[in-house]
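Given next are the chains, with one letter for each unit.
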Amino acid sequence: MKKLFLPLLLAFAAIGAIGIYFTNILMFMKKKEDELIKTREMKAKRWIAEEFDKLPKTSVTVDSPFGYSLDCLFVAPHKSNKWMIFCHGITENKYNSIKYMNLFLKKGFNAVLYDHRRHGASGGKSSSYGYYEKWDLEAIINELKKRQGKDVYFGIHGESMGAVTALLYGGSVKDDAAFYVADCPFSTLRAQVLYRLREETPLPSWFVMPIGNAFLKIRDGYCFQDVSPIDAVRQIVHPVMFIHSKLDAFIPASMTQALYEAKPGKKQLWLAEKGGHAQSFNENQEEYETYIDQFLEYMETSTDA
């Protein structure tokens, strides 16, 4: 019995170490510094401070259903009830969405920018890749409806984790957006984690994945299978524009292709020739706007469900 005790103890210690290390990477992925994002976007002229500062905007704090606050900006240069809500990606903040906001402001939309949980000026201790974020998004939408009326016309644009959040919201919370723009989402959290694990480590996935999944449930309350955009899109009736860069090495474009094929009804797909992960706009700005224009026109003219 004593001979078995030490090996068992070491085995449990190894499993615990793997589980904690694995989930720490997922739950607390290192964020970019806010100042770095600001400098990067301004240097690339995707955020022009003088123009942004002139926009009429209201700083709004929205309560998350999970007990922390969400930091938002309601930007309303138009006397219109057309709005866009922007969901940024993992490690970014709401100011990364300014470039997308500018595109839609030109088309007569007002905008809501906000920081996801654990990002920017919002609260929250962990990132959950859309699992908790989708209900935070519902809180943002409820605030928009409270301010603009329940009949407000709004779309949702998301990048990476933000795109997953938008799809999970539409497919498992409420499909009340007029449309969704999903830029470089993954198809399932399990598939994405497995892909990154195989790309980045020599560890055997058959051993690590079940441990990581169990620890994620224990530590943060959900499992890989609870974050499944490909299941969500099957429930979305309203139109979705799918965007991905063919050269994306972080989330493969094949995942967006699978999401597009799974989505019933109105949808469009654009796979950009240039750009890495979340770079479709940065590397193809004119094409990006052209495809958004075509999508908006398609929604207005198409009658098929």
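Just so it is clear, the model here is predicted, and its values are computed rather than measured.

**Q** Looking at this structure, how should I read the pattern of salt bridges?
**A** In a structure, side chains of opposite charge can pair up when their charged atoms sit close to one another. Scanning the entire structure with this criterion turns up 15 salt bridges. One salt bridge connects K32 with E92, and the closest N-O pair in it is separated by 3.1 Å. Placement of the pair is K32 in the loop between α1 (2–27) and α2 (34–43) and E92 in the loop between β3 (82–87) and α4 (98–105), with a sequence separation of 60 residues. Overall, E92 belongs to the buried group, its relative accessible area being 9%. Close ionic contact of R46 with E41 constitutes a salt bridge, the shortest N to O distance being 3.0 Å.

**Q** Any chance you could explain the pairing of strand β7 (residues 240–245) here in plain terms?
**A** The element β7 is extensively covered by neighbouring structure, given that six of its six residues are classed as buried. In β7, alternate side chains face the same way, and those of V240, F242 and H244 on one face and M241, I243 and S245 on the other are all buried. Pairing of strand β6 (residues 179–183) with β7 involves four bridges; the strand directions are parallel. Its bridge partner lying in β7, V181 is registered against M241. Bridge analysis of β7 against strand β8 (residues 267–272) gives six bridges, and the strand direction is parallel.

**Q** Which parts of the structure should I look at to understand the packing of aromatic side chains?
**A** For any pair of aromatic rings, geometry is given as the distance between the ring centres together with the angle between the planes. Tallied over the full model, the rule gives 24 aromatic pairs. Measuring from centroid to centroid gives 4.9 Å for W47 and Y95, while their planes differ by 10°, and the two rings are stacked. Note that W47 is positioned in the loop between α2 and α3 (49–54) and Y95 in the loop between β3 and α4, a separation of 48 residues in sequence. Ring centres 6.0 Å apart and planes at 90° place the aromatic pair Y132 and Y222 in the edge-to-face group. Residue Y132 is located in the loop between β4 (110–114) and α5 (133–148), and its partner Y222 is located in the loop between α8 (205–220) and α9 (229–233); the two are separated by 90 residues in the primary sequence.

**Q** Is there a simple way to think about the sheet that holds β8 in this case?
**A** Sheets are built from strands paired through backbone hydrogen bonds, the pairs being either parallel or antiparallel. Reading across from one edge, β1-β2-β4-β3-β5-β6-β7-β8 is the order of the eight strands in this open sheet, with mixed pairing throughout. A strand with exactly one partner marks an edge of an open sheet, and here the two such strands are β1 (57–63) and β8. The sheet shows a mean angle of 20° between the axes of neighbouring strands, taken without regard to direction. Examined bridge by bridge, β3 and strand β5 (residues 153–159) share six bridges and lie parallel to one another. Residue pairing for β5: C87 is matched across the bridge by G158. The sheet contacts of α5 involve β1, β2 (69–75), β3, β4 and β5, and relative to β3 the element is tilted by about 160°.

**Q** Hey, could you run me through the packing of α4 against helix α12 (residues 285–301) in this one?
**A** Two measures define how a pair of helices packs: the angle their axes make with one another and the distance between the axes. Between α4 and α12, the least distance of the axes is 11 Å, while the angle of their chain directions is 50°. What the angle tells us is that α4 and α12 run oblique. Once α4 is placed against α12, the crossing between them reads as right-handed. Between α4 and α12, the contacting residues are Y100, L103 and F104 on the first element and Y288, E289, I292 and L296 on the second. Here the contact of α4 with α12 is built from residues that sort into six nonpolar, no polar and one charged.

**Q** Before we go on, may I ask you to explain the nonpolar core in this structure?
**A** Judged by nonpolar contacts, the single largest core of 33 residues is most densely connected at I85, L137, I140, L144, F154, I156 and L167. Not counting residues up to four positions away in its chain, the partners in contact with I140 are V62, L70, C72, I85, V112 and Y114. Counting 30 residues, the second largest nonpolar core, distinct from the first, contains W47, F86, L296 and M299.

**Q** Hey, could you run me through the state of the cysteines in this one?
**A** Where two cysteines share a covalent bond between their sulfur atoms, that bond is called a disulfide. Applying the stated criterion across every chain yields a total of zero disulfides. Here C87 stays free of any disulfide, with the sulfur of C72 as its closest cysteine sulfur at 11 Å.

**Q** Help me out: how do you make sense of the environment of L247 in this one?
**A** The topology assignment puts L247 in the loop between β7 and α10 (253–262). Beyond its immediate stretch of four places on either side in the chain, L247 contacts E273, G275 and G276.

How each quantity is defined
- Residues numbered from 1 in each chain as written.
- Predicted model: local features only at pLDDT ≥ 70, side-chain atom pairs only at ≥ 80, totals over all residues.
- Heavy atoms only, no water.
- Salt bridge = Lys/Arg side-chain N within 4 Å of Asp/Glu carboxyl O.
- Helix = DSSP H or I, 4+ residues; strand = E, 2+ residues; numbered from the N terminus.
- Buried < 20%, exposed > 50% of the residue type's maximum accessible area, 1.4 Å probe, protein only.
- Pairing = 2+ DSSP bridges.
- Phe/Tyr/Trp six-rings, centres within 6.5 Å; stacked < 30°, edge-to-face > 60°.
- Axes fitted to C-alpha atoms, helices over the stretch in contact; angles between N-to-C directions.
- Contact = heavy atoms within 4.5 Å.
- Parallel < 35°, antiparallel > 145°, perpendicular 65-115°, else oblique.
- Left-handed = near helix turned anticlockwise from the far one by under 90°.
- Nonpolar A, V, L, I, M, F, W, Y, C, P; charged D, E, K, R; others polar.
- Core = buried A, V, L, I, M, F, W, Y, C linked by side-chain atoms within 4.5 Å.
- Disulfide = S-S within 2.5 Å.

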